[in-house]
Amino acid sequence: MIAPLIALVVLPSSAAFRPALARHHRAIPGLRAPPRLPARGVRPLPRRASVCAEQPRKAAASVFPEGTQLAAELRAAKTAEEALQIAKTHQEDLDGWDLALCVSRVAEKNPGFNRDSATDADWRTWEWILRELKTTISTLSPRGLATLAVSLSKLKGGSHRIELLKALERRAVSADLKFDSQSLAGLLWGLSNSRYRPNAALVDELLNKAKNLSGTRTSDHHQTVLALKRLGVAPEALSTVLPPPSPKGTPLPNDKRGGTQRNHVAKAGAGAGTNRKNRKKKGSAGNADDALKGGTPAEGTPPETGVALLGELKKREGKFDLMMQQVVATAKSETLTSPNIAYILSQAVLPRPRGMGRGRIPPPSCRAGWNVLMNRLAFAILDADDETLATIMKSLVQLRVRPSPDITRAVDQRFQAVVSEISPSMLAIMLRALGSMGRPSNRAMQAAAERLSEVVNELDTKDLTSCLRTLAQSGYSPERKTLDRITSELVLKSQELDMDALRQMAASVSKLEGGPSARTPESRALSLCEEIEKRVPELDQGYSAEGTPSAEGGYPDEMRFDTMAPEGKVAREAAGIVWAFAQVRHEVKPYIMRSLEKRLIDGAHSLPPKTLINLFWSMARLQPQWKWPVEVMHVLQAAVVHKGNGLTPGGVGTLLWSLGRVSYQATSHELLEVSESVLETTMADVDAYTVSQSLWGWASLSHSPSPKLLKSLESRVLMFLPKFNAQSLANTIWSMARLGHLTNADILREAENQAVKKMKLFSSQNIGNMLWAMARVEYRPGNVFINEIENRAYTVRDHFSSRDVSNAIWAFGRLQIEPGVGLMFGLENATVQELPKFQPQHVTNLLWGFAKLRHTPRDSLMERVLAKVQEQLPSLSGQGLSSCLWAFARLNQPIPAKIVDNLSTQVLHNVNSMNSMEVTNILWSFPRLKVKPSQEVLTALETQAKTQIWDFNAQNVAMSLSAFAKMAYPPQTALMRGLEQHAFMEIESFDAQALANLFWAFAKLGYKPGPDLVAVMENRIQNLIDDFNSQGIANILWSMTKLQQKPGPELSAAVLKRSSKLIDHFSPQGIANALLGFAKLNIQPPRLLLDTTEKRVVELLGDLTPQSLAISLQAFKKLNHPLSPKTLDGLQKRAMALATTTRATDKSWILATLDSMGVTPSKDLINAYETATNRAVSELDGEDIIELLWAFARLAHRPASGLMMAMEESIARHVSTLGIEDLTGVWWAFGRMRSEPSTGILNILAETTIGVVDEMNAQEKNDVRWAIQKLELESSFVDLDKALALGGPSSASMQQGVGDATQS
């Protein structure tokens, strides 16, 4: 029990001790299970030297002697930035070990970490860590030195790197350090890969340490020898570094059952029927001697040497089951050498053993032997030479065995060790096998690329093509110099290569160069494509215009396909060429493409389904550099339909994706039906790739498949959501939303969860698509998703395209998710960058999203957006115009007059295609923008509203009527009746705001609805009374007053009750309208409500307008509510402050109301009104002058002579427009004030009065005669007096009277 615990504490990541740990950890309460092996493709020894950075935090803190909780936090850091942040936070607590761990995480997560890619804060922290390491390196243990050495070898540069390596060199020769095999191997490996040549004395010292080590493991030994070889140690010195033979009891690698070799072999032997206790003693010694000499062992005795084991294996050649049962299951570990294992695996290939396929369990009879073989395989690989290694790799690939991480790392490591010595032909074999076994490490691919550059001239075409394909598929990008050496030879040999090799090599070289985005003018892939272009005319040499072989020419050897028609052969070659061009994204010359198109048209019917699918894929990849003619698309579609039975689900997915990518809307229905039929019949074989690609293709083509198929795919989507990568996840959800089939709540929730997990891999396009899809189905995600996607969007904000940014802002607006300030600023910057590429739909979505969020962009951006709208006006649809105008109105964004005129003109052109909502939004926008369009535009909108009246909902009715009312445009009776009827039918759909707007619009337009509508409106108002705000109550009361519609007792009581609750929220104008409504409708509020209203008026004194002040005073008077002296004094002071902006009518009302309330207006107020009137008297009309004159007269106040003269001149100008009431009021005012009017005004008034005297009633005649008497003008206007008495004018006497008046 003690030994496993020691192993757990000292070497938790060691593969050799894991079986013991696995066996014992279950028996110890509270002891954690041993950690899993590192991921595939990572070197084992450097991994151990970095002290298992991926261990769980708690385990790390409790297992390692050097490990603290801080060290555990550093090991658990998922990014270099996170590790640096932890180091920055705990600077005072870091020791040398923690600093080395931090360097290890940075090197592992971001080997290219440099000044350009780091933030200022991270770079300062990094510089501090390296400086501190130079002073604390003397405290590092051997394990810490190994960790630091491996980390420095991974980093590509740094100002302190060489200095640290020198300090590490000095520390490594210290006498107090005692290296174990693992630490020494890690240190040597790091030094050998760091591109730093250490001191020869250090190398000798480390060599001596390696010689004196005991208990060296095989893997550490190989690591040590390889590193010393790279450091320049002579081969004869390396031979002295030999590992001791594996002692009995050493655990086998990857043995999950635990136990030692002897125990394991004993168990396996027992399973095979061997009983060691009952062996025959006779001949046992002789058999043992024979085994030691390499002879044949006794029956039932395991061979003692590898040679003997090989002999036993060959005796059972061709009988794999017996070989595994009788030999391998009982074999000793040391006899399973690499040649023996290679031979066993080669026998397993032919014939292939039953049940040895991928993911299957071997037959019970072979299981014990197979487990022994797999447990020993990693050690055998590390001992294998190049040919043996190649045999093992080939056999594993042919058997489709999924290797364990240990085996994969062993293959990767051994390949690096032997690649520099293998032959060219062997290089191709091993590279193919390495690529098939999994993703090889970059170091292995780097070594392979260097070897390939050395032997490129010795490889034949097939092997060279295979090597390049493997390098390209691994995702590794070789160094520029290495790639140049390889590709330069390819270009020189390109003329000797056949067409198929050229195509394959062009595609591979393009990937190795980094793809089209990283391509330079000196690209070798382009050179190979140019060579292919030169060969294209050769296709015509053996193919006549009629589609048959020509007499003169023949087909090149690579074109001869025995089972294919001549035109099919050439078409297949043409398809391969197009595929190569698509891989490279080569800009093909037009005449070359036309030639290829002709060959494809002629031979499309002979192409197999897979080639046809690849053709469609190539066409999609070549967009938009080349647009395929309709004829080619029709022919290829017909060929696919004809051979639909040969389509696979994956092929259908690629086909639909390709058609969607080229946005080919003329896709034949037959092709779509065939694709649906294939998926329906093969649904069990449909994988995640096919589901995502098919849905995306249908959505891009705006084609909705059958509901049954969509339902089946829906279940597959739910199954594959965890397997989708970020791109497939976003595309699938976007496609389902676009097809209108994203209704399953389980899919939405799972998609949200998976998106959170994969958010760090989301691109700007994925973000836009995901948000758009959720907004389309109005699914609001949780806060975790919102925070994650906002953070990711901020990270990739500089990569948003025009479509992405418009989709994101539109979705944020629809979902009512308000992004942070930083993200909005970043999206605005992206908009500025991408605005030249915006399509009309992008512009309208952008503006609509800003408006929904009530986010007003900065002025510079809005100016550019307005210019873009002006530029794209001819392309805007009715929906686009509606969205733009609605957005500008909602944002209160002023629009230049020129753009308004252009928008109105465009509305006129598109009005016939607008629906009810678009018409309503445009009508609503004009008054909000303070714009009244031309009569022609309003008439056209009114006509379209009548056409769409039956599609109007409650909101449309209320908004349209409100807009007409604000623009003072009364619609025709037909439309008003239609809206009235529609409001009656939709009354239950009206909310409180819509009801208030509807009533207000009727009142403003002067249209009194029918009693039926009024009755249901009042009933609806009473039902929704608790939903009305203060503005709604005020509008309802004002509207009823205007329409003279007295509410019933129940509604009146409900309105009073609601007003009492909302009185503190009323605005000044709302209070005025509510009080006026109460007064005019004879609704007497309780005294408490009036007192509270008075207090509210006092609170809002500073916000009162002249109109609201006048209306409130008049309403209080009519409601018989006496105002306190304090309130009256405050109202008069407010009236004085507003004197210059108060209309004449309001001045008259204020003064008259105060007088009628028994309050004498203050002299200051009267003087303020007089002064303000004197300044603006020239701008007043006749009615305003008469109102003021009447108000002054009521107060018996005689204005100053200058004001009186100005008022007389204004009355003289407007006397022809005065009615009899106004004319009588002027006489009455002059008489009341006992002023001395001028002769001119008196003559004008007398002449006008005589002209209308016959129309006056008795009271009006008496008022004029009273004024003449007060002015003592009876003698001057005798005829006027007679006319008033008799009703007839006398011109002569009028002239005489004027003369007498002048003399007086």
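Parameters at a glance
- Residues numbered from 1 in each chain as written.
- Predicted model: local features only at pLDDT ≥ 70, side-chain atom pairs only at ≥ 80, totals over all residues.
- Heavy atoms only, no water.
- Helix = DSSP H or I, 4+ residues; strand = E, 2+ residues; numbered from the N terminus.
- Buried < 20%, exposed > 50% of the residue type's maximum accessible area, 1.4 Å probe, protein only.
- Contact = heavy atoms within 4.5 Å.
- Areas by Shrake-Rupley, 256 points an atom, 1.4 Å probe, with all protein chains shown as cover.
- Expected span 1.5 Å × (residues − 1).
- Patch = residues over 30% accessible without salt bridge, like charges linked within 9 Å, V, L, I, M, F, W, Y side chains within 5 Å.
- Salt bridge = Lys/Arg side-chain N within 4 Å of Asp/Glu carboxyl O.
- Phe/Tyr/Trp six-rings, centres within 6.5 Å; stacked < 30°, edge-to-face > 60°.
- Axes fitted to C-alpha atoms, helices over the stretch in contact; angles between N-to-C directions.
- Parallel < 35°, antiparallel > 145°, perpendicular 65-115°, else oblique.
- Left-handed = near helix turned anticlockwise from the far one by under 90°.
- Nonpolar A, V, L, I, M, F, W, Y, C, P; charged D, E, K, R; others polar.
- Arc of directions from axis to C-beta.
- Core = buried A, V, L, I, M, F, W, Y, C linked by side-chain atoms within 4.5 Å.
- Lys, Arg positive; Asp, Glu negative; His and termini not counted.
- Charge placed at Lys NZ, Arg CZ, Asp CG, Glu CD.
- pLDDT = per-residue confidence, 0-100.

(A) Local environment of the overall build of the chain. Within the chain one finds 68 helices and zero strands. For the chain, the proportion of its 1304 residues judged to be buried stands at 57%. Summarising the internal contacts of the chain: among those between residues at least 6 apart in sequence, 77% fall at separations of at least 24. Taken as a whole, the chain presents about 58500 Å² of accessible surface, with 49% of it coming from carbon and sulfur.

(B) Broad picture of the environment of Cys102. With respect to the secondary-structure elements, Cys102 resides in helix α7 (residues 96-109). Sequence separation between Cys102 and Ala87 is 15 residues; the distance between their C-alpha atoms is 7.2 Å.

(C) Region of interest: helix α40 (residues 764-776). For α40, with 13 residues, the first-to-last C-alpha span of 18 Å sits near the 18 Å given by 1.5 Å per residue. Most of α40 sits inside the fold, with 11 of its 13 residues counted as buried. Within α40 the residues assigned to the buried category are Ser764, Asn766, Ile767, Gly768, Asn769, Met770, Leu771, Trp772, Ala773, Met774 and Ala775. Packed against the buried residues of α40 are α38 (726-738), α39 (745-757), α41 (783-795) and α42 (802-814). Two residues or fewer past α40, Glu778 is found with a positive phi of approximately 55°.

(D) Here's a closer look at unusual backbone geometry. Positive phi values are uncommon outside glycine, yet Ser702 reaches one of about 55°. Mapped onto the elements of the fold, Ser702 is located in the loop between α36 (688-700) and α37 (707-720). Assessed through its relative accessible area of 55%, Ser702 is described here as exposed. The residue Gln816 is not glycine, and still its phi comes out positive at about 55°.

(E) Examining a nonpolar patch on the surface more closely. Together, Trp950, Phe984 and Met985 give the surface a local cluster of nonpolar side chains, amounting to about 360 Å² of exposed area. Along the chain, Trp950 turns up in the loop between α49 (935-947) and α50 (954-966).

(F) Quick peek at the packing of aromatic side chains. By the definition in use, this model includes seven aromatic pairs. Between Trp810 and Trp848 the ring centres are 6.0 Å apart and the planes differ by 35°, which places this aromatic pair in the tilted class. Residue Trp810 is located in helix α42, and its partner Trp848 is located in helix α44 (residues 840-852); the two are separated by 38 residues in the primary sequence. The same class applies to Trp810 as to Trp848, namely buried.

(G) Spatial organisation of the packing of helix α51 (residues 973-985) against helix α53 (residues 1011-1023). Look at α51 against α53: their axes get within 10 Å of each other, and the N-to-C directions meet at 40°. Taken as axis vectors, α51 and α53 run oblique relative to one another. When you trace α51 past α53, the crossing you get is left-handed. Here Glu980, Ala983 and Phe984 of α51 come into contact with α53, specifically with Asp1012, Leu1013 and Val1016. Looking at the contact of α51 with α53 residue by residue, the class counts come to four nonpolar, no polar and two charged.

(H) A look at helix α47 (residues 897-910). Over its 14 residues, α47 runs 20 Å from end to end, which matches the ideal 20 Å to within 8%, given 1.5 Å per residue. When we look at burial in α47, the residues that qualify are Ile899, Val900, Leu903, Ser904, Gln906, Val907 and Asn910. Looking down the long axis of α47, one finds its buried residues gathered within 165° of arc, a one-sided arrangement. In this structure, α47 carries Ala897, Lys898 and His909 as exposed residues pointing more than 90 degrees from its buried face. Its buried side turned inward, α47 meets α45 (859-872), α46 (878-890), α48 (916-928) and α49.

(I) Region of interest: the nonpolar core. Judged by nonpolar contacts, the single largest core of 350 residues is most densely connected at Trp628, Phe990, Phe1028 and Phe1230. The greatest single-element share of this core, amounting to 11 residues, is contributed by helix α52 (residues 992-1005).

(J) Representation of the environment of Leu1284 within the structure. Note that Leu1284 resides in helix α67 (residues 1278-1286). Separated by 20 residues in sequence, Leu1284 and Val1264 have C-alpha atoms that sit 8.3 Å apart. The residues touching Leu1284, leaving out its near neighbours within four places in the chain, are Thr1249, Val1253, Met1256, Lys1261, Val1264, Arg1265 and Ile1268.

(K) Up close: the packing of α47 against α49. Contact geometry for α47 and α49: axes closest at 10 Å, N-to-C directions at 35°. Where α47 crosses over α49, the two elements pack in a sense that is left-handed. Every residue of α49 that contacts α47 at Ser904, Val907 and Leu908 is listed here: Glu936, Val937, Ala940 and Leu941. A breakdown of the residues in the contact of α47 with α49 according to their chemical character gives five nonpolar, one polar and one charged.

(L) Quick peek at a positive patch on the surface. Taken together, the side chains of Lys1004, Lys1042, Lys1080 and Lys1118 present a region of like positive charge at the surface. Turning to its location among the elements, Lys1080 is positioned in helix α56 (residues 1068-1080).

(M) Fine view of the environment of Leu310. Tracing the sequence through the fold places Leu310 in helix α17 (residues 306-315). With 25 residues separating them along the chain, Leu310 and Thr335 place their C-alpha atoms 8.8 Å apart.

(N) Molecular detail of the pattern of salt bridges. This model, assessed by the stated rule, comprises 21 salt bridges. Among the ionic pairs, Glu312 bridges to Lys315, the shortest N-O distance being 3.4 Å. Pair noted here: Glu312 and Lys315 are both in helix α17, with a separation of three residues, about one helical turn. With a relative accessible area of 11%, Glu312 lands in the buried category. On the accessibility criterion, Lys315 (53% relative accessible area) is exposed. Close ionic contact of Arg599 with Asp602 constitutes a salt bridge, the shortest N to O distance being 3.7 Å. In this pair, Arg599 and Asp602 are both assigned in helix α31 (residues 590-603), three residues apart and thus about one turn of the helix distant. Linked through salt bridges whose partners overlap, the residues forming this network are Glu312, Lys315 and Arg316.

(O) Looking closely at the side chain of Ser508. In this fold, Ser508 is placed in helix α27 (residues 499-512). Residues within four places of Ser508 in sequence aside, it is in contact with Leu468, Arg469 and Ala472.

(P) Representation of the confidence of the model for the chain within the structure. Averaged over the chain, the pLDDT score is 78; the fraction of residues at 70 or greater is 83%. When pLDDT is averaged over each helix and strand of the chain, the minimum, 32, is found for helix α4 (residues 57-63) and the maximum, 94, for α40. Ignoring residues within four places in sequence, the model shows residues 352-361, a span with pLDDT below 50, making 24 contacts including any to other chains. This stretch, residues 542-564, has a pLDDT under 50; its non-local contacts, to residues over four places away or in other chains, come to 38 contacts.

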